[in-house]
Amino acid sequence: MKRNSKHLYRDELKKMFILYSTSFIVISILSVILFVQIYTNQVIRNNNSQASNNIIKTLNDELKEYENALVRLTENEEFVTSALSRENYSHVYRMLYDIINKRQIKSMFYYVDTNGKTLITNNYINAPYDGSDIFFSGLFKQMNRNTGQVVYLNQKAQIDLIKRTVYSIGKSVEFEGEIVGYLVFDLLESEFSKIIYEKGIDVVVVTDQYNNVIVTTNSLILDEIGKFKVEKQGEEYIQVMDQTYYYDELQLLNDYIHVYTMTEMGLVRDLLTSSLVFMIVVLIIVTVIVVKISDYAAKKKTVSINNLIEAIRKVQKGDLKAFVPLGSTDEFQIIGEQFNGMLIKLNQLIEKNNELIERNRLSEVKQLESQFNPHFIFNTLETLKYMIHIDRNKASDIIMGFGVILRYSIDYESKDILLDQDLDYLNSYLMIQKYRYNKRLSYQFKIDANVKELIVPKLILQPIIENCINHGYKEKDTLRIDITIKRRNMILIAIVQDDGDGIDEETLEKIRKSLSNPEDNPGHIGVINVHRRIQLMYGEEYGLELESEIGIGTKVTIKLPAKETICLKF
């Protein structure tokens, strides 16, 4: 029966492996197909958008330069007077050639007088604007109607068998408030077409505002009269001649010119179909391989799983030494190592928490002994007794401070408190000591405003200040204590510095050694306990640092994390 159970488990593992593997493969294949579709569409979008932007930028720059040149020339007195007097044409020609030679889109230029006679041109084959009938329609009619403005018109003119112009830009020339001529630039189709040829784009079409085509990379998509008629399908697709295209449309010159960049979607469908067929073949092959591998894996992995399950059962019963034997060389060895590492860390954490609890207990005992030993109580009451007769206000302060110490000391629940609360306690403690020692003791707090709401462990600063008072001035008559607390980024720094007797180098070295190894010297239990508690709670980068010099004094620096919420409770 036991043998059959093992086989059932192995079979279930095999089935699960096959199911998960094939499911993963199917999802992966579908994801790849989806990714290919999304990626391809995105590439098409990016290519179309980039091509549109490139074409628009170039066309806009070119047409704006022609527009600026028209305004500049027609307002140039030398140009106007030379054309009007029909003298010094060589200089006028230089000015016009200088303009078109600097442009990517070359053009034919014409200066026509008010009688319809072409006076200046670089078209030496024919003169398309000769005759008075040119003013009845088209470009010249618009220039007369829009005096002083640059006029655009989609019009085509065949220069010779090869050369043709496709777009005209013109402006009337005025002298003393009257029109004296017309300056026109006709853009060459061949030069215009060079700009719209973009790699990776199937079709580029440039039209005017009425869908009349200026230039295109594929004339087969136009209708009988040369218009670009499309059926838009949403915001991204258009139907042209029974073909679906992804398109991008941009305008320039206040919608006078439209630029369409289009990519045929049949290529995308072919790519997706090929990808789907390939993935189905891969799925069949991989499924066969998975069935074979799953049978082998199910047999081999059963032994390792049993070892893990047995170890887990022992841990559930409380045996924290139930380490997994590492006999395999596959991924279960990693699981076993992690499990064993978890047990080691768990044992270390238990020991660490026990040590921290013990040190907290020792700290509380030490504090209670310091505050409520008969000598302290007697001295406090004696001071209060005389102060009642001398200065009742100070006597009241002593009573209030003693009350603060009582409340602070009997609060066993809070292990972490606001720094502001700890400062209230320290002020009360030092006030009572001040009244006791009178002029022999002085102290000062230097507290940054941004630290009072931070969280600190309870009973951290008091043992350090207590050491200053009890051991700081056996050889001196007076003692001064400066308590400085500041914040540096995420570090809270508390400095307790006195000008007492100081510590000799040998004793100081022993104390520092004790801080590194707390069990080395139990004679300094207060300082060591504070340092060890900090490191147990926050890590070895925090704790105490001591500096001292005989006859000068002692400086204790405490480093804590700057915590704004209570995150550690015991």
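Cut-offs and rules
- Residues numbered from 1 in each chain as written.
- Predicted model: local features only at pLDDT ≥ 70, side-chain atom pairs only at ≥ 80, totals over all residues.
- Heavy atoms only, no water.
- Pairing = 2+ DSSP bridges.
- Helix = DSSP H or I, 4+ residues; strand = E, 2+ residues; numbered from the N terminus.
- Axes fitted to C-alpha atoms, helices over the stretch in contact; angles between N-to-C directions.
- Contact = heavy atoms within 4.5 Å.
- Salt bridge = Lys/Arg side-chain N within 4 Å of Asp/Glu carboxyl O.
- Buried < 20%, exposed > 50% of the residue type's maximum accessible area, 1.4 Å probe, protein only.
- pLDDT = per-residue confidence, 0-100.
- Phe/Tyr/Trp six-rings, centres within 6.5 Å; stacked < 30°, edge-to-face > 60°.

This part takes up the sheet that holds strand 16 (residues 479–488). In spatial order, the strands read 14-16-17-19-18; together these five strands make up an open sheet with mixed pairing. Each having just a single partner strand, strand 14 (441–447) and strand 18 (543–549) make up the two edges of the open sheet. Shown here is a sheet whose adjacent strand axes are inclined to one another by a mean of 10 degrees, direction ignored. Looking at chain direction, strand 14 and strand 16 are connected through seven bridges and run parallel. Paired with Leu441 across the bridge in strand 16 is Leu479. Along the sheet, helix 10 (residues 419–437) makes contact with strand 14 and strand 16, crossing strand 14 at roughly 165 degrees. In the packing of helix 11 (residues 462–471) onto the sheet, the strands contacted are strand 14, strand 16, strand 17 (491–498), strand 18 and strand 19 (553–561), and the crossing angle to strand 16 comes to about 160 degrees.

With antiparallel pairing, the six strands of this open sheet are ordered in space as 8-7-12-11-10-9. Looking along the sheet, the strands with just one partner apiece sit at the ends: strand 8 (213–216) and strand 9 (231–233). Pairs of neighbouring strands in the sheet enclose a mean axial angle of 30 degrees, with direction left out of account.

So, on to the pattern of salt bridges. Under the counting rule described, the total for this entry stands at 10 salt bridges. Arg487 is the partner of Glu564 in a salt bridge, and the nearest nitrogen-oxygen pair spans 3.3 Å. With a gap of 77 residues between them, Glu564 in the segment after strand 19 and Arg487 in strand 16 connect regions that are remote in the sequence.

Quick look at the pairing of strand 12 (residues 257–264) now. Within strand 12, eight of the eight residues are buried, leaving the element largely enclosed by the surrounding structure. Alternating residues of strand 12 divide into Ile257, Val259, Thr261 and Thr263 and His258, Tyr260, Met262 and Glu264, and every residue in both groups is buried. One ladder, built from six bridges, connects strand 7 (residues 203–208) with strand 12; its direction is antiparallel. The partner of Asp208 across the bridge, within strand 12, is Ile257. One ladder, built from eight bridges, connects strand 11 (residues 243–252) with strand 12; its direction is antiparallel. If you follow Tyr247 over to strand 12, its bridge partner there is Met262. What sits between the antiparallel neighbours strand 11 and strand 12 is a turn of four residues, in which Leu253 has the positive phi angle 55 degrees.

What follows concerns the confidence of the model for the protein. Residue-level pLDDT values for the protein average 81, and 86% of them are 70 or greater. Here residues 1–6 scores under 50 on pLDDT; set against residues more than four positions off or in separate chains, the count is zero contacts. In this model residues 368–372 is a low-confidence stretch, pLDDT under 50, and it forms 18 contacts with partners more than four residues away in sequence or in other chains.

In this structure, Asn517 sits in the loop between helix 12 (505–516) and helix 13 (525–538). Separated by 11 residues in the primary sequence, Asn517 and Ile528 have C-alpha atoms spaced 9.0 Å apart.

The subject of this paragraph is the packing of aromatic side chains. Taken as a whole and judged by the stated rule, the model has 17 aromatic pairs. Between Tyr93 and Tyr97, the ring centres sit 6.4 Å apart and the planes meet at 25 degrees, which makes this aromatic pair stacked. Placement of the pair is Tyr93 and Tyr97 together in helix 3 (residues 89–101), with a separation of four residues, close to one helical turn. Residues Tyr97 and Phe109 carry aromatic rings whose centres are separated by 5.2 Å and whose planes lie at 85 degrees to one another, so their mutual orientation is edge-to-face. Remark: Phe109 occurs in strand 1 (residues 107–113) and Tyr97 occurs in helix 3; sequence separation between them is 12 residues. An aromatic cluster of three or more residues is present, and its members are Tyr110, Tyr129, Phe135, Phe140 and Tyr182.

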